[in-house]
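The lines below spell out each chain.
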Amino acid sequence: MQNLKLYNSLSRKKEVFKPITEGRVGMYVCGPTVYGDAHLGHARPGITFDVVFRYLQHLGHKTRYVRNITDVGHLVNDADEGEDKIAKKARLDQLEPMEVVAYYTRSYHRDMALLNTLPPSIEPTATGHIIEQIQMIEKILTNGYAYEVDGNVYFDVVKYNKDHAYGKLSGRNIEDMISNTRELDGQSEKRNSVDFALWKKASPEHIMRWPSPWSEGFPGWHLECSAMSTKYLGKRFDIHGGGMDLVFPHHEAEIAQSCASDGHDAVNYWMHNNMITIHGQKMGKSLGNFITLSEFFTGEHESLDQAYNPMTIRFFILQAHYRSTVDFSNEALQAAEKGMNKLMTAIDTLEGITTSNESTLNVEDYKQKFYDAINDDFNSPILIAHIFDVVKQINSIAAGNGSLNKVSKNDLISLMNDFCFDILGLKKIESEAEHGLTDEIMDVVLGLRKRAKENQDWTAADFIRDELAKLNITVKDSKDGASWSKE
RNA sequence: GGUCGGAUGGCUGAGAGGCUUAGGCAGCGGUCUGCAAAACCGUCUACACCGGUUCGAAUCCGGUUCCGACCUCCA
């Protein structure tokens, strides 16, 4: 049994992970608001928690991974009245709100699949859980931690803070917040500036609306995650994840809602991934400095020198620890691309190594190092460093400096498969458009070149290689003959 | 202003009191090769600044400067 430690944002310490129920893990991660194409920033939690999900399963935990799709409820700040982000986008595009939602949900799924993230076990939508949200509001009202004003329901943060600690996740105290929060128009009906909406009455022109005991309207910003995590994972569950930018107010509000409704915290471990930066600044929707994932995949963006394979993006993100920022640059991405190719080539090389009786490589040592790295709060950069030690060993052995016996070779293959493919979720970049005949044609071409070389006709041999290079086909000569690879 | 985090070699990114010169990319020298490519062997550049604690500090403490995140929607 492996001793997994993870950093809990709530305690600000690494803690040994212990599931509430032996052998089973519940994990909730905040998903996207589907009103635009996913950008590089969305890839971070997608990949971070994909590795968590994969590793928990690798350890034998039956894991339920819930990631929501927010298709209602977040308000745009520049609207006079709280206007729904998706409703606004819909009106701009002259579309039905659900049309916008469906379009961007598909786009998100496509990008996440290209990044080789496993689909979550359950992917609930906010609009599909209006009833659950209303029920939760009723419970909070009954418990006295919310109040209604003119069809709107607000969470009473000040009252809640008397009985529970509001702000414990983000390290804030309520007095500072009250004195620091500026008064905005239209908030006068709240008892305190720190209170937040659980239910909002829809203005006449507002498109997305549902009936409720208080008004025709829509649920507040933070409620969906509380309602849906409770529904699918229970009143107590193991891990809640999301981006660091959600710590306040979103996750703080979630804690308050759960506690106000059920009397205790719902989450045992809070995990937060850090941001991706560009020129040292957070890449984000509001700053407008984001590059979408599909732009990365096609290379169609003025800041990009080239197109990047989704696996390059994945590897790039995994080369940094999830709690550190990663700075985007073409240089960094190109370095990741080369490193990734080197790793994949070495895995192919390993399969082809001829075994001998002796083994100069101790697989168990590396196995232990691999597990130690991933167990230490998912330290993927350290894990990758160890993996590259193995890459070096593989290449050394292939070059004749060392040997591998049959058992070690098989162990090493399965170790590399487990960690590179199953846990880190990398996959080989499949060559595009296999026509079936390609291999045969290349055999003919390389056969011609071989004959030219035998005749010492270097001009012809180099011509063939150069022309193939123009098609992004690299020819490598070795003692056993020539091999080729695309891109 | 409040809360929190960061500053590491050409780039990127780990580490967190003494043996990691982490790792990747780039550079340099060599081996191999008809020449390349790949690979192998070897190798250079580092811990923002100033004090302090310690036998010993990139790592702990205090201060300084700079940067970032959150406090409005954000992954």
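Now for a look at the structure at hand. Since we're looking at a predicted model, the values are computed, not measured.

**So, the packing of aromatic side chains**
Next up, step 1: Within this structure, the stated rule accounts for 15 aromatic pairs.
Next up, step 2: Pairing Phe53 with Tyr65 gives two aromatic rings, centres 4.9 Å apart and planes at 55 degrees, and the pair type is tilted. One end of the pair, Phe53, is in helix 1 (residues 40-58); the other, Tyr65, is in strand 4 (residues 62-67), with twelve residues separating them in the sequence.
Next up, step 3: Here Tyr65 falls in the buried class, since its relative accessible area comes to 0%.
Next up, step 4: Geometrically, the ring pair formed by Tyr55 and Phe378 is edge-to-face, given 6.0 Å between the ring centres and 85 degrees between the ring planes. Remark: Phe378 occurs in the loop between helix 12 (363-375) and helix 13 (380-398) and Tyr55 occurs in helix 1; sequence separation between them is 323 residues.

**Brief notes about the pattern of salt bridges**
Next up, step 1: Going through the model one piece at a time under the given rule, you end up with 19 salt bridges.
Next up, step 2: Among the ionic pairs, Asp156 bridges to Arg191, the shortest N-O distance being 3.2 Å. On the criterion of sequence distance, the pair formed by Asp156 in the loop between strand 8 (152-155) and helix 5 (157-163) and Arg191 in the loop between helix 6 (174-180) and strand 9 (196-201) is long-range, its members being 35 residues apart.
Next up, step 3: Residue Asp156 is classed as buried on the basis of its relative accessible area of 7%.
Next up, step 4: For Arg191, a relative accessible area of 55% translates into the label exposed.
Next up, step 5: Between Lys428 and Asp348 there is a salt bridge whose closest N-O contact spans 3.0 Å. Taken together, the positions of Lys428 in the loop between helix 14 (406-423) and helix 15 (438-454) and Asp348 in helix 11 (residues 330-352) put the pair 80 residues apart, joining distant regions of the chain.
Next up, step 6: With relative accessibility at 36%, the residue Lys428 sits in the partly exposed group.
Next up, step 7: With a relative accessible area of 44%, Asp348 lands in the partly exposed category.

**A few points about the environment of Ile374**
Next up, step 1: Structurally, Ile374 can be placed in helix 12.
Next up, step 2: Overall, the relative accessible area of 0% leaves Ile374 in the buried class.
Next up, step 3: With 323 residues separating them along the chain, Ile374 and Val51 place their C-alpha atoms 9.7 Å apart.
Next up, step 4: With residues up to four places along the chain from it excluded, the contact list for Ile374 reads Leu4, Val51, Tyr55, Asn379, Leu383, Phe419 and Ile423.

Cut-offs applied
Residues numbered from 1 in each chain as written. Chains lettered and ligands numbered in written order. Predicted model: local features only at pLDDT ≥ 70, side-chain atom pairs only at ≥ 80, totals over all residues. Heavy atoms only, no water. Phe/Tyr/Trp six-rings, centres within 6.5 Å; stacked < 30°, edge-to-face > 60°. Helix = DSSP H or I, 4+ residues; strand = E, 2+ residues; numbered from the N terminus. Buried < 20%, exposed > 50% of the residue type's maximum accessible area, 1.4 Å probe, protein only. Salt bridge = Lys/Arg side-chain N within 4 Å of Asp/Glu carboxyl O. Contact = heavy atoms within 4.5 Å.

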